[in-house]
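Topology and contacts: notes
Here are the chains, one letter per residue:
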2 protein chains.
Amino acid sequence: MKRPIGVFDSGLGGLTVVKQLRRLMPGEDIIYFGDTARVPYGNKSRRAVTRFSRENSRFLLSRGVKMIIVACNTSSALAFPALKSEFEVPLYDVITPGVRKAIELTRTGKLGIIGTYATIHSGAYEREIAKLDGSLTVHSMPCPLFVPLAEEGWVNRPATVEIAREYLLPLGGKGIDVLILGCTHYPVLKETIRLVLGEGITLVDSGLSCAELVREEMHPEAGEGRGSVRYFVSDMPERFKEVGRLFMGEEIPDVEVVVPGSERGALS
Amino acid sequence: MKRPIGVFDSGLGGLTVVKQLRRLMPGEDIIYFGDTARVPYGNKSRRAVTRFSRENSRFLLSRGVKMIIVACNTSSALAFPALKSEFEVPLYDVITPGVRKAIELTRTGKLGIIGTYATIHSGAYEREIAKLDGSLTVHSMPCPLFVPLAEEGWVNRPATVEIAREYLLPLGGKGIDVLILGCTHYPVLKETIRLVLGEGITLVDSGLSCAELVREEMHPEAGEGRGSVRYFVSDMPERFKEVGRLFMGEEIPDVEVVVPGSERGALS
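Residues numbered from 1 in each chain as written. Chains lettered and ligands numbered in written order. Predicted model: local features only at pLDDT ≥ 70, side-chain atom pairs only at ≥ 80, totals over all residues. Heavy atoms only, no water.

Focus on the overall build of chain A
- Secondary structure assignment for chain A yields 12 helices and 10 strands.
- Here the C-alpha radius of gyration of chain A, 18 Å, is about what a compact globule of 268 residues would show, namely 18 Å.
- C-alpha extents for chain A along the principal axes are approximately 50 × 40 × 40 Å.
- For chain A, with 268 residues in total, the buried portion stands at 62%.
- Look at the contacts in chain A between residues 6 or more apart in sequence, and 76% of them connect residues 24 or more apart.
- Only carbon and sulfur atoms are counted for the fraction: they give 49% of the accessible area of chain A, which is about 10,500 Å².
- Counting 33 positive and 33 negative side-chain charges, chain A places the centres of these two groups 2 Å from one another. (Helix = DSSP H or I, 4+ residues; strand = E, 2+ residues; numbered from the N terminus. Rg over C-alpha atoms; globule rule 2.2 N^0.38 Å. Buried < 20%, exposed > 50% of the residue type's maximum accessible area, 1.4 Å probe, protein only. Contact = heavy atoms within 4.5 Å. Areas by Shrake-Rupley, 256 points an atom, 1.4 Å probe, with all protein chains shown as cover. Lys, Arg positive; Asp, Glu negative; His and termini not counted. Charge placed at Lys NZ, Arg CZ, Asp CG, Glu CD.)

Structure follows, in structure tokens:
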């Protein structure tokens with residue numbers, strides 16, 4: 001029997017991963033869960049994010065997934081080791097693949113990283129980079145307002161450019177030649193980020209790098225058919241549909257509501 | 001025995017109510033709960049916000065409060081009737097007092113209201129206003145980015161002014177003379193709002209109006225002593241302390257973590 005790939009995120013951001021999975025492995029079935037009742041994760045603690053991530057993973061497992069992609073950088077930074085020790089299916093995070101890609105691409109040896117408060121303050125990126133290449137310099141910057149701007153669909157607006165300038169110009173002055181978009185929401189703001197930083201800095205999209213790694217390591221379903229995607233959220237399915245288009249670049253059909261951690265979520 | 005006043009909000013916003021309670025009724029003890037693990041409420045559904053609000057109220061009751069102030073406009077708009085039917089202690093919302101104040105102040109009969117998506121789309125303000133005076137015209141505008149800007153402490157920054165212009169200039173052109181700040185986070189952005197709209201529009205602060213109404217209706221604790229405030233949050237106590245200063249205008253001492261709805265929250 002064909003088993004689906006499970007993907008979860010705090011909200012909409014993980015759809016940038018789904019978009020790339022669909023492009024690279026069109027035969028796969030996917031089950032997506034967005035925790036829209038508790039979004040955002042990026043300004044919350046390790047303890048809270050670990051609890052949420054565990055509940056989301058259990059929900060996906062109850063749906064028979066063959067692997068789980070933690071398509072949220074905050075969960076990847078704070079909860080991944082706990083999930084690894086608890087669950088037996090293959091688990092993928094969105095930090096490691098982006099780091100590998102950035103190391104491949106850099107020529108100056110200076111990497112930039114942007115993400116939520118929680119991701120940046122966790123030091124997860126620095127640790128992962130140091131593990132692979134101790135000679136690199138890393139400059140990081142939390143960009144907490146990027147998630148609400150992306151969730152609002154405020155792309156390329158004057159206020160968004162102004163906020164991007166405040167966050168990014170200090171990074172741009174450090175001589176970095178690669179910037180990791182360390183939050184799956186940020187690819188939606190790629191154009192604005194490029195506008196502020198200029199073409200000299202290559203942007204690494206965590207979602208794309210993650211999908212590439214998953215394809216490398218597994219044997220994707222072959223065949224002509226196109227796999228299905230089922231979408232679940234913990235709240236506000238209509239809004240998820242509406243803004244989700246922006247992330248997926250295509251229409252989102254039915255969205256079902258479940259509440260992981262509650263009886264209903266566990267049973268459904 | 002002296003029993004405390006219970007106050008809850010999705011996060012920091014309700015502190016603007018606590019600040020006014022302290023000013024108007026300094027002898028009262030207060031227990032504050034900020035649901036920082038699930039903040040924000042303003043882009044979530046009635047069902048989710050009602051569940052959260054019920055759990056928060058039960059936590060406050062477990063602490064022996066004599067009344068509950070729902071210091072969150074989204075909870076007031078979406079969950080108040082459900083709380084009223086379930087709990088027996090006196091309950092105050094932050095919508096009714098602001099509406100009364102605005103009706104007192106308007107001369108043109110045209111009122112503006114700003115708030116979260118959930119508050120504005122609920123129609124709670126329009127209903128409350130129509131109940132008291134059917135002749136008034138109401139213009140409303142959701143300002144969803146104001147909550148993250150306030151929680152970031154981005155007060156009077158160019159980007160904040162730019163975002164305020166996008167939201168507020170259309171309202172300013174409608175001939176309103178009173179604007180209700182229909183979210184307890186917004187008083188922190190008062191100066192920016194005034195800068196964009198000019199001095200001709202009077203701002204009504206829900207938190208202040210609510211504290212005034214509570215003082216009118218109860219008999220505040222007398223005596224020379226100053227009451228105590230105990231702060232509880234569901235996550236990130238350090239950040240609450242840090243940004244909370246901006247809302248309270250004074251230092252916030254100890255902050256304790258509880259998780260309403262979980263065993264731990266119920267027991268602690």
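Moving on, there is more to tell.
What about the pairing of strand β7 (residues 178–181) of chain A?
All names here are of chain A.
- Of the two faces of β7, the one holding V178 and I180 and the one holding L179 and L181 are both buried throughout.
- With 4 bridges joining them, strand β5 (residues 110–115) and β7 adopt parallel strand pairing. The residue bridging G112 from the neighbouring strand is L179, located in β7.
- As paired elements, β7 and strand β8 (residues 202–205) share 4 bridges and run parallel to each other. Pairing of L181 across the sheet is with D205, part of β8.
- Traced from β7 through helix α9 (residues 190–197) to β8, the parallel crossover comes out right-handed. (Pairing = 2+ DSSP bridges. Right-handed = clockwise from strand over helix to strand, strands pointing away.)

Looking at the packing of helix α5 (residues 96–105) of chain B against helix α7 (residues 124–132) of chain B
Residues and elements named next belong to chain B.
- Put simply, α5 and α7 touch, their axes get as near as 10 Å, and they point 50 degrees apart. As far as their axial angle goes, α7 and α5 are oblique. When the axes of α5 and α7 are compared, the crossing they make is right-handed. Contact with α5, carried on its side by T96, V99, R100 and I103, involves Y125, E128, I129 and L132 of α7 and no other residues of that element. (Axes fitted to C-alpha atoms, helices over the stretch in contact; angles between N-to-C directions. Parallel < 35°, antiparallel > 145°, perpendicular 65-115°, else oblique. Left-handed = near helix turned anticlockwise from the far one by under 90°.)

So, the relation of the copies chain B and chain A
- By a simple turn and slide, chain B fits onto chain A: the slide is 0.0 Å along the axis, the RMSD is 0.0 Å, and the turn is 180 degrees. In short, the pair behaves as if placed about a two-fold rotation axis.
- Mapped onto chain A, 100% of the interface residues of chain B again fall at the interface, so both copies present the same surface. (Least-squares fit on C-alpha atoms with pLDDT ≥ 70 in both.)

Topic: the pattern of salt bridges
- On inspection of all chains with the given rule, the structure shows 26 salt bridges over all chains.
- The salt bridge involving E166(B) is made with R157(A); its shortest N-O contact spans 2.6 Å. Of the two residues, E166(B) sits in helix α9 (residues 158–172) while R157(A) sits in the loop between α7 (146–152) and α8 (158–172), which places them in two different chains.
- Classification of E166(B) by relative accessible area gives partly exposed; the value is 29%.
- By relative accessible area, which is 29% here, R157(A) ends up partly exposed.
- For D29(B), the salt bridge is made with K2(B), and the minimal N-O distance between the two is 3.5 Å. Residue D29(B) is located in the loop between α1 (15–24) and β2 (30–34), and its partner K2(B) is located in the segment before β1 (5–9); the two are separated by 27 residues in the primary sequence. (Salt bridge = Lys/Arg side-chain N within 4 Å of Asp/Glu carboxyl O.)

Quick look at the sheet that holds strand β3 (residues 67–70) of chain B
All names here are of chain B.
- Here we have 6 strands laid out as an open sheet, ordered β4-β3-β1-β2-β9-β10, and parallel in their pairing. A strand with exactly one partner marks an edge of an open sheet, and here the two such strands are β4 (91–92) and β10 (255–257).
- Relative to β3, β1 is paired through 4 bridges, and the arrangement is parallel. In the sheet register, V7 faces β3, and the bridge partner there is I69.
- In this fold α1 packs onto β1, β2, β3 and β9 (229–233), with an angle of close to 170 degrees to the strand it touches most, β2.
- The strands that helix α2 (residues 46–62) touches are β1, β2, β3 and β9; relative to β1, the one it contacts most, it runs at about 155 degrees.

What to know about the interface of chain B and chain A
- Counting from both sides, the interface comprises 31 residues of chain B and, opposite them, 31 residues of chain A.
- Roughly 2,600 Å² of surface becomes buried between chain B and chain A when both sides are summed, with 61% attributable to carbon and sulfur atoms.
- At the junction of chain B and chain A, the tally comes to 2 salt bridges.
- At the junction of chain B and chain A, the tally comes to 10 residue pairs in polar contact (both at pLDDT 80 or more).
- Going through the elements one at a time, α2, α8 (146–152) and α9 of chain B are the ones with two or more residues in the side of chain B that touches chain A.
- The element contributing the most residues to the side of chain B that touches chain A is α9(B), with 6 residues.
- Along the lines of polarity and charge, the residues of the side of chain B that touches chain A split into 17 nonpolar, 3 polar and 11 charged. (Buried area = accessible area lost by both parts, 1.4 Å probe. Polar contact = N/O pair within 3.5 Å; in protein donor to acceptor, adjacent residues only side chain to side chain. Nonpolar A, V, L, I, M, F, W, Y, C, P; charged D, E, K, R; others polar.)

Quick look at the packing of aromatic side chains
- Using the criterion set out here, one finds 18 aromatic pairs over all chains in the structure.
- Between Y41(B) and F52(B), the ring centres sit 5.4 Å apart and the planes meet at 40 degrees, which makes this aromatic pair tilted. In this pair, Y41(B) sits in the loop between β2 and α2 while F52(B) sits in helix α2, placing the two residues 11 residues apart along the sequence.
- Joined through ring pairs, the aromatic side chains of F146(A), Y167(A), Y186(A) and W154(B) make up one cluster.
- For R157(A), the ring lying beneath its charged end belongs to W154(A), and the centroid distance is 4.0 Å. (Phe/Tyr/Trp six-rings, centres within 6.5 Å; stacked < 30°, edge-to-face > 60°. Lys NZ or Arg CZ within 6 Å of the ring centre and 35° of its normal.)

Digging into the nonpolar core
- Judged by nonpolar contacts, the single largest core of 114 residues is most densely connected at I69(A), F146(A), I69(B) and F146(B).
- Beyond its immediate sequence surroundings of up to four residues, I69(A) is in contact with I5(A), G6(A), V7(A), F8(A), V17(A), L21(A), Y92(A), C210(A) and V214(A). (Core = buried A, V, L, I, M, F, W, Y, C linked by side-chain atoms within 4.5 Å.)

Thoughts on helix α11 (residues 237–248) of chain A
- The end-to-end C-alpha separation of α11(A) is 15 Å, in line with the 16 Å expected for 12 residues at 1.5 Å each.
- Inspection of α11(A) places R239(A), F240(A), V243(A), G244(A), F247(A) and M248(A) among the buried residues, and these make up the whole buried set. Angularly, the buried residues of α11(A) cover 145 degrees about the axis, an arc narrow enough to put them on a single face.
- In the core, the buried residues of α11(A) are packed alongside α1 (15–24), β2 (30–34), α7, β9 (229–233) and β10 (255–257) of chain A together with α6 (117–122) of chain B. (Expected span 1.5 Å × (residues − 1). Arc of directions from axis to C-beta.)

Section: the sheet that holds β7(A)
Residues and elements named next belong to chain A.
- Strand order in the open sheet made by the 4 strands is β6-β5-β7-β8, with parallel pairing throughout. Either end of the sheet is taken by a strand with one partner, and the two such strands are β6 (137–142) and β8. The mean angle between the axes of side-by-side strands here comes to 25 degrees, regardless of whether they run parallel or antiparallel.
- Pairing geometry for β5 and β6, over 6 bridges, is parallel. Within β6, the residue paired with L111 across the bridge is V138.
- Each of β5, β6 and β7 is contacted by α8, which is oriented at about 170 degrees to β6, the strand it contacts most.

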